[in-house]
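One-letter residues, chain by chain:
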Amino acid sequence: MPKPQYNDRKEALSGLELEKALFDASERVAKQMFSGLLPERGLDLSIDLWELENLLLPILNAVVNEIRIFDESKAEDFSFELKRRRNSIPHDLVNMLIECFKDAYRDGVEVEYSSAKLVSIRFLKGVGNLSAVKKEFSNRVYELFRHLLGK
């Protein structure tokens, strides 16, 4: 009986493409969430979860389409998980962002939940090395996306 033949190179390339798509999406999400935090705007950040959900939708749809190019089944799995967790993903992202800020600035971060869909983050001290916090947040988003794929 002949052995089934596998194209290891093709599988490796599709795996790399998948990782690249997830990484690029995590970078875009981090950029979007950090766009509201500019030194000239002061040390306060308000996040409206409705608005965040609307801003994330094109990014998440784009990553599904990127994955679909090389692996239809993984794209469908990812799309299913995104739809299933549509309401919880913005909350998860905001909680991860708050964790990253608290890790970096310790007691210098004050969080207030003004309503169920509005979160205010206030920095009591100066905000330094924001790029490191953004990188850490991006890595956490990447891990969330990998988790959604079951990897």
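Please read these numbers as outputs of a predicted model, since none were measured by experiment.

### Here we look at unusual backbone geometry
The phi torsion at Arg106 lies on the positive side, around 50°, for a residue other than glycine. Tracing the sequence through the fold places Arg106 in the loop between helix H4 (88-105) and strand E2 (109-115). Under the relative-accessibility criterion, Arg106 is labelled exposed at 58%.

### Description of the confidence of the model for the chain
On average, residues of the chain score 85 in pLDDT, and 86% of them reach the 70 mark or higher. Across the chain, helix H5 (residues 130-148) holds the top mean pLDDT of 94, while helix H1 (residues 8-34) sits lowest at 82.

### Looking at the packing of aromatic side chains
Under the counting rule described, the total for this entry stands at seven aromatic pairs. Ring centres of Phe23 and Tyr142 lie 6.3 Å apart, and the angle between their planes is 70°; this geometry places the pair in the edge-to-face category. Separated by 119 residues along the polypeptide, Phe23 in helix H1 and Tyr142 in helix H5 bring together distant segments of the chain. Looking at Tyr142, the relative accessible area reads 16%, which means it is buried. Here Tyr105 and Phe123 contribute two aromatic rings whose centre-to-centre distance is 5.9 Å and whose plane-to-plane angle is 85°, an arrangement assigned as edge-to-face. Here Tyr105, found in helix H4, pairs with Phe123, found in strand E3 (residues 118-123); they are 18 residues apart in sequence, far enough to count as distant. As far as the burial class goes, Tyr105 and Phe123 line up, both buried.

Each value, and the rule that gives it
- Residues numbered from 1 in each chain as written.
- Predicted model: local features only at pLDDT ≥ 70, side-chain atom pairs only at ≥ 80, totals over all residues.
- Heavy atoms only, no water.
- Helix = DSSP H or I, 4+ residues; strand = E, 2+ residues; numbered from the N terminus.
- Buried < 20%, exposed > 50% of the residue type's maximum accessible area, 1.4 Å probe, protein only.
- pLDDT = per-residue confidence, 0-100.
- Phe/Tyr/Trp six-rings, centres within 6.5 Å; stacked < 30°, edge-to-face > 60°.

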